[in-house]
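Topology and contacts: notes
Below are the chains, spelled out letter by letter.
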Amino acid sequence: MEYKLPMGVNINLETGVIPGAKKLVRRLSNLKGYFQDEEAYNELLKEDPVVYEVYAIEQEEKDGDLNFATTVLYPGKVGKEFFFTKGHFHAKADRAEIYYGIKGEGGMLLQTPEGKAEWIEMGPGTVVYVPPYWAHRTVNTGDEPFIFLAVYPADAGHDYGSIAEKGFSKLIIEGNGEVKVVDNPRWKE
Ligand code: M6P
Ligand code: ZN
């Protein structure tokens with residue numbers, strides 16, 4: 001038996017950076033078709049801001065192993081809609097996940113394959129359990145970076161397809177200075 005070696009790393013709690021992790025950057029241009037307000041999207045595209053960064057320590061896609069990653073989700077809006085991550089089902093749909101809030105304010109939007117949605121607010125210290133089969137997207141509803149840790153099975157994989165096409169059945173928007181969860185007018189089952 002060849003044993004892997006254990007390791008410990010310190011997450012920078014101010015910046016979200018995990019030393020030695022693989023860094024992924026998602027700009028607004030990588031989120032084409034995701035936001036409702038196309039005019040606002042095209043206007044902001046001139047700056048093409050970074051919407052989020054992911055620092056991931058990933059293992060081979062094997063049953064029983066675990067990956068972990070921090071996400072730094074920047075504050076901002078496209079029209080009234082707060083910045084969010086793409087959101088995904090797991091390719092192995094029955095794989096669960098745990099998120100842990102580190103810094104900033106936001107929440108998680110979850111959805112079953114049938115389109116039943118749930119919104120869970122997150123701040124520093126919040127643990128969110130993502131059950132098997134639920135798609136999940138995080139949203140920054142604050143005015144500083146929203147930073148969190150995610151721990152997920154190494155063989156979970158990402159299935160972006162149906163969220164990229166149909167989105168979530170709910171939108172998280174700003175209205176009168178408040179965070180509102182509203183029906184997505186473009187949602188169809
Ligand atoms: C978390 C984890 C990652 C995921 C990342 C960004 O860190 O769930 O697996 O990649 O968020 O989310 P997305 O892949 O939906 O853009
Ligand atoms: Zn996931």
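That block above? That's the structure.
Quick caveat: nothing in here was measured; it's all calculated off a predicted structure.

We now examine the coordination of the zinc ion (ligand 2). Within the first shell, the zinc ion (ligand 2) binds the protein through His 88 (NE2), His 90 (NE2), Glu 97 (OE) and His 136 (NE2), at distances of 2.0 to 2.2 Å. Between the four donor atoms coordinating the zinc ion (ligand 2), the angles at the centre fall across 85 to 160 degrees, so the site counts as irregular. For the zinc ion (ligand 2), the donor residues sit on a single chain with the sequence spacing H-x1-H-x6-E-x38-H. Residue His 90 is located in the loop between strand E5 (81-82) and strand E6 (97-103), and its partner His 136 is located in strand E10 (residues 135-140); the two are separated by 46 residues in the primary sequence. The residues His 90 and His 136 share a single accessibility class, namely buried.

Taken as a whole and judged by the stated rule, the model has one cavity of 30 Å³ or more. A volume near 50 Å³ is recorded for the largest cavity. In terms of lining residues, the largest cavity is bounded by Glu 81, Phe 82, Phe 84, Leu 109, Arg 137, Val 139, Lys 170, Leu 171 and Ile 172. When residues of the lining of the largest cavity are traced back to their parent elements, those giving at least two are E5, E10 and strand E12 (170-175). The element best represented in the lining of the largest cavity is E12, accounting for three residues. Split by residue class, the lining of the largest cavity holds six nonpolar, no polar and three charged.

All right, on to the environment of Asp 48 then. Mapping Asp 48 onto the fold places it in the loop between helix H1 (38-44) and strand E2 (50-57). For Asp 48, a relative accessible area of 18% corresponds to the buried category. The contacts of Asp 48, once residues within four sequence positions are left out, are Arg 27, Leu 28 and Ser 29. At 2.8 Å, the side chain of Asp 48 forms a polar contact with the side chain of Ser 29.

Quantified by volume, the largest pocket comes out at close to 400 Å³. Around the largest pocket, the lining is made up of 23 residues, and of these Leu 24, Val 54, His 88, His 158 and Tyr 160 lie nearest the centre. Of the residues in the lining of the largest pocket, the class split is 10 nonpolar, eight polar and five charged. Estimates place the volume of the second largest pocket at around 220 Å³. The biggest single contributor to the lining of the second largest pocket is helix H2 (residues 161-166), with four residues. Grouping the constituent residues of the lining of the second largest pocket by class yields five nonpolar, four polar and six charged.

On to the packing of aromatic side chains, then. Aromatic ring pairs are described here by two measures, namely the spacing of the ring centres and the angle between the planes. Using the criterion set out here, one finds four aromatic pairs in the structure. Pairing Phe 35 with Phe 84 gives two aromatic rings, centres 4.2 Å apart and planes at 15 degrees, and the pair type is stacked. With a gap of 49 residues between them, Phe 35 in the loop between strand E1 (22-27) and H1 and Phe 84 in the loop between E5 and E6 connect regions that are remote in the sequence. Across this residue pair, the class does not change: Phe 35 and Phe 84 are buried. Taken together, the ring pairs in this structure connect Phe 35, Phe 83 and Phe 84 into an aromatic cluster. Across the ring face of Tyr 160, the terminal group of Lys 86 is positioned such that the distance to the ring centre comes to 5.1 Å. The side chain of Arg 137 reaches across the aromatic face of Phe 84, ending 3.7 Å from its centre.

Definitions and limits used
Numbers given to residues run from 1 along each chain, matching the order in which its sequence is written. Lettering of chains starts at A and numbering of ligands starts at 1, both following the order in which they are written. Whole-chain, interface and lining totals are the exception, using all residues; otherwise, since this is a predicted model, local features are given only for residues with pLDDT of at least 70 and side-chain atom pairs are given and counted only at 80 or more. Each side-chain value is worked out from all heavy atoms of the structure, with water and hydrogens disregarded. In this analysis a donor is any N, O or S atom within 2.8 Å of a metal ion (3.2 Å for sodium, potassium and calcium), and since water is not included, sites may seem incomplete. In short, tetrahedral needs four donors with all angles between 85 and 135 degrees, square planar needs four and octahedral six donors with opposite donors over 155 degrees apart and all other angles between 65 and 115, and whatever is left is irregular. By definition, any uninterrupted DSSP run of H or I lasting at least four residues is a helix, any uninterrupted run of E lasting at least two residues is a strand, and each is numbered from the N terminus. In this scheme, a residue with accessible area under 20% of its type's maximum is buried, one over 50% is exposed, and one in between is partly exposed, where area comes from a 1.4 Å probe on protein chains only. In this analysis the probe radius is 1.4 Å and the grid spacing 1 Å, with only protein atoms considered; a cavity is a set of points the probe fits into but cannot get out of, a pocket is an open set with protein on both sides within 12 Å along at least five of seven lines, and lining residues have an atom within 4 Å of a point. Grid points are joined across faces, edges and corners, and a volume is the space filled by probe spheres set on the points. Polar here means any residue outside two lists: the nonpolar Ala, Val, Leu, Ile, Met, Phe, Trp, Tyr, Cys and Pro, and the charged Asp, Glu, Lys and Arg; Gly therefore counts as polar. Residue contacts follow a heavy-atom distance rule, with two residues in contact if any of their heavy atoms lie within 4.5 Å. Any pair of N or O atoms that falls within 3.5 Å is considered a polar contact. Within protein, one atom must be able to donate a hydrogen and the other to accept it, and sequence-neighbouring residues count only if both atoms are side-chain atoms. Pairing of aromatic rings covers Phe, Tyr and the six-membered ring of Trp, with a centre-to-centre limit of 6.5 Å; geometry is then stacked below 30 degrees between planes, edge-to-face above 60, and tilted otherwise. Lysine and arginine charges are scored as sitting over a ring when NZ or CZ, respectively, is within 6 Å of the ring centre and within 35 degrees of the ring normal.

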